[in-house]
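Listed here are the chains, written in short residue letters.
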Amino acid sequence: MAKTSEDLRSPLSRARGLGSAKDGVHHFWVQRVSALALIPLALWFAFSIAMLATGPADYFSVRHWVSAPSVAVVLVLFLGTALYHSVLGLQEVIVDYTGGSMRLTLLLLSKLLHAVVAAAAIFAVLKIALA
Amino acid sequence: MSTKTPPQSRPLSPFMLGQYYRFQWSSLLSIIHRVTGVGLTLGSVLVALWLIALAGGPSWYTPVAGLLHSWFVQLLLAAWTWALMYHLCNGIRHLFWDIGRGFELKTARASGYVMVASSFILTVLVWAVACVA
């Protein structure tokens, strides 16, 4: 094959760039791993919210609950895992139903919002627990 | 080279319903899995706002605490619990499919019924135990 001035790479180099990126199953796999981790975490969180909502939900009792080290740690684990699982799931939904520039816009927006929500929620828990 | 169809002219999945697919119990459950998933994403924003208000101090949290006992938020919490339990139960069903189990039509239909029943039972159980405890 004659080399053109636009492409100075060797044929081998070009062929290497055409292969798979070897991360095809990564999304599938981490979605399942986070799902597995969320089974106990989500059950715990749902039960905790129900306990708080049926009990005294005033400022001091809820703050007291969050500030317990075991609760704060599990809460951070839940928030991180749930929002990670959420960003993966929403990505799948966006990719399924949209195309073109709308797809890219929504994907970027979703990732930005998830990052902001995760950072703010985890920071709030740490601020209470470390106060 | 094959002729390329412009991406915008190809039908995307929601438009397949009704026109090309007949109604199926399993596809309905799959759609609800997605709807609850997106709903739970929105719910996580509310959870974050609740925690931010809590970290902000009593002046931020007191109006939120008042809302928590309103019938609207109580109803929202009940719906949220069910959505979470549905997504959790159906998620476990999906994990079994992922390891290649329960794919037979009869089994898939039966596990669907069990899953829907479990989601309601778990929702009631969570709130009943919370009320008693």
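Residues numbered from 1 in each chain as written. Chains lettered and ligands numbered in written order. Predicted model: local features only at pLDDT ≥ 70, side-chain atom pairs only at ≥ 80, totals over all residues.

Going by what an unreviewed UniProt entry lists, chain B is known as Succinate dehydrogenase cytochrome b556 subunit and is assigned to Solimonas marina. The record held by UniProt for chain B lists under Sequence similarities (unreviewed entry) the comment "Belongs to the cytochrome b560 family." (UniProt positions renumbered as here; feature names shortened; annotations may be inferred.)

As recorded in an unreviewed UniProt entry, chain A goes by the name Succinate dehydrogenase hydrophobic membrane anchor subunit, listed as coming from Solimonas marina. Under the UniProt heading Pathway (unreviewed entry), the note attached to chain A is "Carbohydrate metabolism; tricarboxylic acid cycle."

Colleague: Where do I start with the nonpolar core in this structure?
Modeller: Nonpolar side chains in soluble globular proteins generally cluster together in the buried interior. Ranked by internal contacts, the top residues of the largest apolar core, which has 40 residues, are L79, A121, A124 and V125 of chain A together with L51, L54 and L84 of chain B. Among the elements of the structure, α2 (26-54), α3 (59-67), α4 (69-97) and α5 (100-129) of chain A together with α1 (25-56), α3 (71-98) and α4 (105-132) of chain B are those that each provide at least two residues to this core. (Core = buried A, V, L, I, M, F, W, Y, C linked by C-beta atoms within 7 Å. Buried ≥ 20, exposed ≤ 12 C-beta atoms within 10 Å, placed from the backbone. Helix = DSSP H or I, 4+ residues; strand = E, 2+ residues; numbered from the N terminus.)

Colleague: Sorry if this is basic, but what is going on with the interface of chain A and chain B here?
Modeller: Interface size is often expressed as the accessible area that is lost when the parts come together. Tallying the contact residues gives 34 residues for chain A and 35 residues for chain B. Counting residues per element, the ones that place at least two in the side of chain A that touches chain B are α2, α3, α4 and α5 of chain A. The biggest single contributor to the side of chain A that touches chain B is α2 of chain A, with eleven residues. Counted by class, the side of chain A that touches chain B contains 24 nonpolar, five polar and five charged residues. (Contact = placed C-beta atoms within 7 Å. Nonpolar A, V, L, I, M, F, W, Y, C, P; charged D, E, K, R; others polar.)

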